[in-house]
Amino acid sequence: MEQTLVILKPSAIERCLTGEIIKRIENKGLVITGMKMMQLGESILREHYAHLVDRPFFPSIVESMTAAPVIVMCLEGVDAVTVVRTMTGVTNGRNAAPGTLRGDFCMSGQANIIHASDSVDNAQIELKRFFKPGEIFSYTPSNIKYLYSADELQA
């Protein structure tokens, strides 16, 4: 199964959207194999957003991402990265399609409630950044045969 990282940002925490977001993730059929709440600091944000550190808006990213704790999750499923990115919607919530998490729950490009890994390679890097060994628990849920056909699980 493919793994991906999701971060429920302070804007999701402060707006009490975590339960609804997690419910939609689970209803889709993704498996939560790691989850914890943590307070991010500038050091980890500089690493996570290294491609944006020199941009003039980076201080506002740090401010918004340290405003409250976040919830980080490892999700597993067939094509998990693509599935989660599709569910998440485009970065700016005002432009996100209805039915996506951002399209339904946010109006901002900055306070956009959720981060989702953008590739399988980046997912693995990001998961190692936020989870220590032993904090991700891969398992086969009992309802797996109702989530995927046998040939999808063989691939």
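Residues numbered from 1 in each chain as written. Predicted model: local features only at pLDDT ≥ 70, side-chain atom pairs only at ≥ 80, totals over all residues. Heavy atoms only, no water.

Colleague: Got a minute to help me understand unusual backbone geometry in this structure?
Modeller: A negative phi holds for most residues other than glycine; trans holds for most peptide bonds. Here Cys16, not a glycine, exhibits a phi torsion of approximately 60°, which is positive. By the secondary structure assignment, Cys16 is in the loop between helix H1 (10–14) and helix H2 (18–28). Judged by its relative accessible area of 68%, Cys16 is exposed. A positive phi angle is found at Ile113, which is not glycine, with a value near 65°. Its relative accessible area of 0% is what places Ile113 among the buried residues. (Helix = DSSP H or I, 4+ residues; strand = E, 2+ residues; numbered from the N terminus. Buried < 20%, exposed > 50% of the residue type's maximum accessible area, 1.4 Å probe, protein only.)

Colleague: Help me understand the sheet that holds strand E1 (residues 2–8) in this model?
Modeller: By way of backbone hydrogen bonds, the strands of a sheet pair with one another, either parallel or antiparallel. Strands sit in the order E2-E3-E1-E4 across an open sheet of 4 strands; the sheet is antiparallel. A single partner strand is all that each edge strand has here, and the edge strands are strand E2 (31–38) and strand E4 (114–116). Taking the axes of each pair of neighbouring strands and ignoring which way they run, one obtains an average angle of 20° across the sheet. As paired strands, E1 and E4 are joined by 3 bridges and run antiparallel to one another. Looking at E4, one finds that Leu8 is bridged to Ile114. Packing of H2 onto the sheet brings it into contact with E1, E2, strand E3 (70–77) and E4, and relative to E3 it is tilted by some 5°. Sheet strands in contact with helix H5 (residues 80–88) are E1, E3 and E4, and its direction is about 30° off that of E1. (Pairing = 2+ DSSP bridges. Axes fitted to C-alpha atoms, helices over the stretch in contact; angles between N-to-C directions. Contact = heavy atoms within 4.5 Å.)

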